Amino acid sequence: MTKKQWQELYRILNDIHTNFVIDYQTYRNGKNKKIRNDAERKIFNAIHLADYHVKNNPEVYELFTGGADVSDYGRAIIYEEFTRPNYFGHDLNKLLDQIQDKIDSLNE
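Throughout what follows, the structure given in this document is the object of discussion. Predicted, not measured: the structure shown is a model, and the values here were computed from it. (Residues numbered from 1 in each chain as written. Predicted model: local features only at pLDDT ≥ 70, side-chain atom pairs only at ≥ 80, totals over all residues. Heavy atoms only, no water.)

On to the nonpolar core, then. Core analysis: the biggest nonpolar cluster contains 21 residues, and L13, F82, F88 and L95 have the highest contact counts within it. Taken together, the elements giving at least two residues each to this core come down to helix 1 (3–29), helix 2 (33–55), helix 3 (58–64), helix 4 (72–82) and helix 5 (85–105). With residues up to four places along the chain from it excluded, the contact list for F88 reads I16, F20, A46, I47, A50 and F82. (Core = buried A, V, L, I, M, F, W, Y, C linked by side-chain atoms within 4.5 Å. Buried < 20%, exposed > 50% of the residue type's maximum accessible area, 1.4 Å probe, protein only. Helix = DSSP H or I, 4+ residues; strand = E, 2+ residues; numbered from the N terminus. Contact = heavy atoms within 4.5 Å.)

In this structure, N86 sits in helix 5. Placed 62 residues apart in sequence, N86 and Y24 show a C-alpha to C-alpha distance of 8.8 Å.

Turning our eyes to something else, we now look at the packing of aromatic side chains. One pass over the full model with this rule turns up eight aromatic pairs. Their ring planes at 20° and their centres at 5.4 Å tell us that F20 and Y24 sit as a pair that is stacked. Pair noted here: F20 and Y24 are both in helix 1, with a separation of four residues, about one helical turn. Given the relative accessible area of 17%, Y24 is considered buried. Taken together, the ring pairs in this structure connect F20, Y24, Y27, Y61, F64, Y79, F82 and F88 into an aromatic cluster. (Phe/Tyr/Trp six-rings, centres within 6.5 Å; stacked < 30°, edge-to-face > 60°.)

Inspection of every chain in the model, using the stated rule, returns four salt bridges. We note a salt bridge from E8 to R11, for which the minimum N-O separation is 2.5 Å. A residue pair is termed a helical-turn pair when its members lie 3 or 4 positions apart in one helix, as E8 and R11 do in helix 1 at three residues. For R11, a relative accessible area of 42% gives the class partly exposed. Between D38 and K34 there is a salt bridge, with its nearest N and O atoms 2.9 Å apart. Of this pair, D38 and K34 are both found in helix 2, four residues apart, which corresponds to roughly one turn of the helix. Each of E8, R11 and D15 takes part in a single network of salt bridges with overlapping partners. (Salt bridge = Lys/Arg side-chain N within 4 Å of Asp/Glu carboxyl O.)

Below, the discussion takes up the environment of N32. With respect to the element layout, N32 can be found in the loop between helix 1 and helix 2. On the basis of relative accessible area, N32 is assigned to the partly exposed category, the value being 36%. Once the C-alpha coordinates of N32 and T18 are considered, the two residues, 14 residues apart in sequence, prove to be 23 Å apart.

Let's shift gears to the packing of helix 1 against helix 2. Close contact between helix 1 and helix 2 brings their axes to 8 Å; oriented N to C, the two are set at 160°. As the angle between them shows, helix 1 and helix 2 are arranged roughly antiparallel. The interaxial crossing formed by helix 1 with helix 2 has left-handed handedness. Facing L9, I12, L13, I16, F20, D23, Y24, T26 and Y27 of helix 1, the residues of helix 2 in contact are I35, R36, A39, E40, K42, I43, A46, I47, L49, A50 and H53. Class assignment of the residues belonging to the contact of helix 1 with helix 2 gives a composition of 14 nonpolar, two polar and four charged. (Axes fitted to C-alpha atoms, helices over the stretch in contact; angles between N-to-C directions. Parallel < 35°, antiparallel > 145°, perpendicular 65-115°, else oblique. Left-handed = near helix turned anticlockwise from the far one by under 90°. Nonpolar A, V, L, I, M, F, W, Y, C, P; charged D, E, K, R; others polar.)

Below, the structure is given as structure tokens:
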């Protein structure tokens, strides 16, 4: 991926993260069941959208799951936790930091 592609992916995932954080708080603390259910739908949409962007970019998937030296089983465990709502916010933030480091290391 080029530096520009990494930057665009960072922007997309950062937007997803921002929306997720807001919706997750509503999901956990909403005043009634309808509000919580709407927020739950939104957080799962955010997870699926991020999943789409990560899995469709093999370089991103490898970066997030520990690099080239990690077994497929290890990758599966790391990634499975990423798609759970209680881990997603923290893990996506970690991925954003990794992407920013990658962008900073590229010279274009």
